[in-house]
Amino acid sequence: MTASVRQQIHDWLQNHREEMMADIAALVAIDSARGEEKEGMPYGEGPYRALCEGERILKKSGLLQVAMHGARVITGDLNENETELGILAHLDIVPVGNGWTVPALEMTRKDGKIFGRGVIDDKGPAVMALYAMRALKECGVPLAKNCRLILGSDEECGSSDIAWYFDRNPIPPQTLSPDASYPCICIEKGSLRVDVQGHWEKQPAEPRLLRFDCGVKVNVVPGEAECVVRGLTAEQVLRQADKETGGIAFTAEETVEGTRIWAKGSTAHASLPETGNNALTGLLTLLSHLPLAAGRSQEVIHELCRLFPHGDTCGKAAGVYQSDEESGELTLAFSILHMDEEGLSLNLDIRAPMCANEENVRDVLLERFADAGLTMKKEAMNPPHYVSKDSPQVQRLVRIFESYTGQSLPALAIGGGTYLHHIEGGVSFGCEFPGYDYNMHGADEYAIEEQLLLSSEMYAAAIVDICG
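Presented here is an overview of the structure given in this document. (Residues numbered from 1 in each chain as written. Predicted model: local features only at pLDDT ≥ 70, side-chain atom pairs only at ≥ 80, totals over all residues. Heavy atoms only, no water.)

With 12 residues, helix α2 (residues 17–28) extends 16 Å between its outermost C-alpha atoms, agreeing within 8% with the 16 Å of an ideal straight helix rising 1.5 Å per residue. Those residues of α2 that are buried are in contact with α1 (3–15), α3 (45–60), β4 (108–110), β5 (113–115), α4 (123–138) and α11 (449–467). (Helix = DSSP H or I, 4+ residues; strand = E, 2+ residues; numbered from the N terminus. Expected span 1.5 Å × (residues − 1). Contact = heavy atoms within 4.5 Å.)

Here's what the structure looks like:
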């Protein structure tokens, strides 16, 4: 891209900043967390409404051949030439959750930032990519090939939408996603979603746990947890809570049901569990130190604390920790636990480096849970996604990032999974800048306006490089 075209794109984007922010706000206002399937809405009303709003935005932005595909995906083309590049982003979100200081479903602008669920994951980046395409179109930049924007609505719950779409449509020769980090993501770790069940006879002795409830989605480190115990006063609970460490805040209240205990930590994306403070494991730790009556429920609490102690986010105690130079460490998030007097169900989210496999991760956990008298489903691991750091497509993006930011950084591996995980040669480019924690999947998720505009400039440069 010549210096004059680069300046033209920059000026166009700055002049259209308010329109870009308005389009992001329109999407943020829709609660597009996956819901109950309805006729014509495979992922529920929220994701479908987000697709309809996205379709409206694509059409008014001048993209060609804008289409809805099976109420799962929308697409729009930059021109009528042969498609060379696909840009994949998503309009669904994780549940809003608690702890927000601003309205979660209303875009708030403050001090150069925008707040709201989806502003960085992935509604803001989706609009950013659209505006890169629109800037090229309206500035008259000639392109020999087409770029297609592909927006889905089920990324947070398994990406069945994009699999459905590519079962019926060709995969573009090159693919990018703005659903990760800069300068470029060429490795996505493998993963394992662990589902465990347990059952036992109810015990009458007190003090005892009546119920434990924590977790909203398997890929979110829970920031809040609660339980109810019978046979202990709130004062007894809080006396022990004062001895606990780990940064979890506890409150307790005596109710008709029993003494209700709340734990408050901080949420995080399950691919980065070390950036949160897991309220689930914190509350389990407190329960393990309370004088609960001997019985199966108490045994299970102690066993879970032994296998997944508070603060262990890489599976060391469970015996599955491993790492390699290219893809980093295994991470483990204990994200969901529902327990009553007769059993439990729990879920873990594991992101595994390339050296991991079913034998040294899944089978180890199967044995650990069996030893604890619990049953783990034997599911296949999701393999890692790999593109060489030396490949031309990766090096192109690294150079673009350096050209626009002055930062010379290597391509990265991440624990998160994107739409590109099962697409050969696909790489992620943005929109998270190094050194920032955007509270993704947590309360007060935010993006920085100038970074989104700069991302649009870099995406425009990438489109020209690939399709010019």
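On to the packing of aromatic side chains, then. For the coordinates displayed, the defined rule picks out 12 aromatic pairs. Ring geometry for Y436 versus Y438: centroids 5.7 Å apart, planes at 25 degrees, classification stacked. The exposure class of Y438 is buried, given its relative accessible area of 1%. A connected cluster of aromatic rings, assembled from ring pairs, spans Y182, F401, F429, F433 and Y459. Residue placement shows K113 over the ring face of Y446; its charged tip is 4.3 Å from the ring centre. (Phe/Tyr/Trp six-rings, centres within 6.5 Å; stacked < 30°, edge-to-face > 60°. Buried < 20%, exposed > 50% of the residue type's maximum accessible area, 1.4 Å probe, protein only. Lys NZ or Arg CZ within 6 Å of the ring centre and 35° of its normal.)

Another point: the pattern of salt bridges. Taken as a whole and assessed by the stated rule, the structure comprises 33 salt bridges. Between R17 and E450 there is a salt bridge, and its shortest N-O distance comes to 2.3 Å. One end of the pair, R17, is in helix α2; the other, E450, is in helix α11, and 433 residues separate them in sequence. For R17, a relative accessible area of 15% gives the class buried. E450 gets classed as partly exposed once you look at its relative accessible area, which sits at 43%. (Salt bridge = Lys/Arg side-chain N within 4 Å of Asp/Glu carboxyl O.)

Here we take up α4. Spanning 16 residues, α4 covers 22 Å between terminal C-alpha atoms, matching the ideal 22 Å at 1.5 Å per step. Within α4, 14 of the 16 residues are buried, which leaves the element mostly enclosed by the surrounding structure.

If a residue is not glycine, its phi is most likely negative; likewise, a peptide bond is most likely trans. The omega torsion of the bond from E206 to P207 falls at 0 degrees, within 30 degrees of zero and hence cis. With an omega of 5 degrees, the peptide bond between G430 and C431 qualifies as cis. For C431, the position within the fold is in strand β25 (residues 431–432). One non-glycine residue, A71, adopts positive backbone phi at about 55 degrees. One can find A71 in the loop between β1 (64–69) and β2 (73–77). The class for A71 is buried, based on a relative accessible area of 14%.

I9, I24, L136, L149, F429 and I463 are the most contacted members of the largest nonpolar core, which has 76 residues in total. A per-element tally of this core places α11 first, with 11 residues. In terms of nonpolar packing, the next biggest core, distinct from the first, is built from 54 residues, L192, L280, L348 and L374 among them. (Core = buried A, V, L, I, M, F, W, Y, C linked by side-chain atoms within 4.5 Å.)

Our focus in this paragraph is the sheet that holds strand β13 (residues 224–230). What the 8 strands build is an open sheet, ordered β14-β15-β13-β11-β19-β20-β10-β21; its pairing is antiparallel. Of all strands in the sheet, those with a lone pairing partner are β14 (249–254) and β21 (375–376), marking the two edges. Alignment of strand β11 (residues 208–214) against strand β19 (residues 331–340), held across 4 bridges, turns out to be antiparallel. If you follow D213 over to β19, its bridge partner there is H338. In the packing of helix α9 (residues 358–371) onto the sheet, the strands contacted are β10 (190–199), β20 (343–352) and β21, and the crossing angle to β10 comes to about 15 degrees. (Pairing = 2+ DSSP bridges. Axes fitted to C-alpha atoms, helices over the stretch in contact; angles between N-to-C directions.)

We now examine the pairing of β19. Of all 10 residues in β19, 8 are buried; the element is thus mostly enclosed. The turn linking β19 back onto β20 is made up of 2 residues.

In this section: the packing of α2 against α4. Interaxial distance between α2 and α4 falls to 9 Å at its minimum, and their mutual angle equals 145 degrees. When the axes of α2 and α4 are compared, the crossing they make is right-handed. Listed contacts from α4 to E19, M20, D23, I24, L27 and V28 of α2 are K123, G124, V127, M128, Y131 and R134. For the contact of α2 with α4, the class distribution of residues is 7 nonpolar, 1 polar and 4 charged. (Left-handed = near helix turned anticlockwise from the far one by under 90°. Nonpolar A, V, L, I, M, F, W, Y, C, P; charged D, E, K, R; others polar.)

With that settled, the discussion passes to the environment of G158. By secondary structure assignment, the location of G158 is in the loop between β6 (146–152) and α5 (160–168). Considered as a pair, G158 and L176 are 18 residues apart in the sequence and their alpha carbons are 18 Å apart.

All right, on to the sheet that holds β4 then. Strands sit in the order β4-β5-β26 across an open sheet of 3 strands; the sheet is antiparallel. Edge strands, defined here as strands with exactly one partner in the open sheet, are β4 and β26 (446–448). Neighbour to neighbour, the strand axes of the sheet diverge by 25 degrees on average, direction disregarded. In this sheet, β5 lies alongside β4 in antiparallel orientation, the contact comprising 3 bridges. In the sheet register, K110 faces β5, and the bridge partner there is K113.

Next up on the list: the pairing of β13. Bridge count between β11 and β13: 5 bridges; the pairing is antiparallel. Paired with R211 across the bridge in β13 is V228. When β13 meets strand β15 (residues 259–264), the two strands line up antiparallel, connected through 6 bridges. Looking at the pairing, V228 lines up with R260 of β15.

By secondary structure assignment, the location of H441 is in the loop between β25 and β26. Not counting the four nearest positions on each side in its chain, H441 is found in contact with V94, R117, D121, E156, N219, V220, T267, A268 and H269. A polar atom in the side chain of H441 sits 3.3 Å from the side chain of E156. (Polar contact = N/O pair within 3.5 Å; in protein donor to acceptor, adjacent residues only side chain to side chain.)

Glancing now at the packing of α1 against α4. The N-to-C vectors of α1 and α4 enclose an angle of 120 degrees; their axes lie 10 Å apart at closest approach. Taken together, the axes of α1 and α4 lie oblique to each other. Of the two elements, α1 crosses α4, and the hand of that crossing is right-handed. Residues I9, W12 and L13 of α1 pack against Y131, R134, A135, L136 and E138 of α4. (Parallel < 35°, antiparallel > 145°, perpendicular 65-115°, else oblique.)

Function cannot be inferred from these measures alone, as they are strictly geometric.
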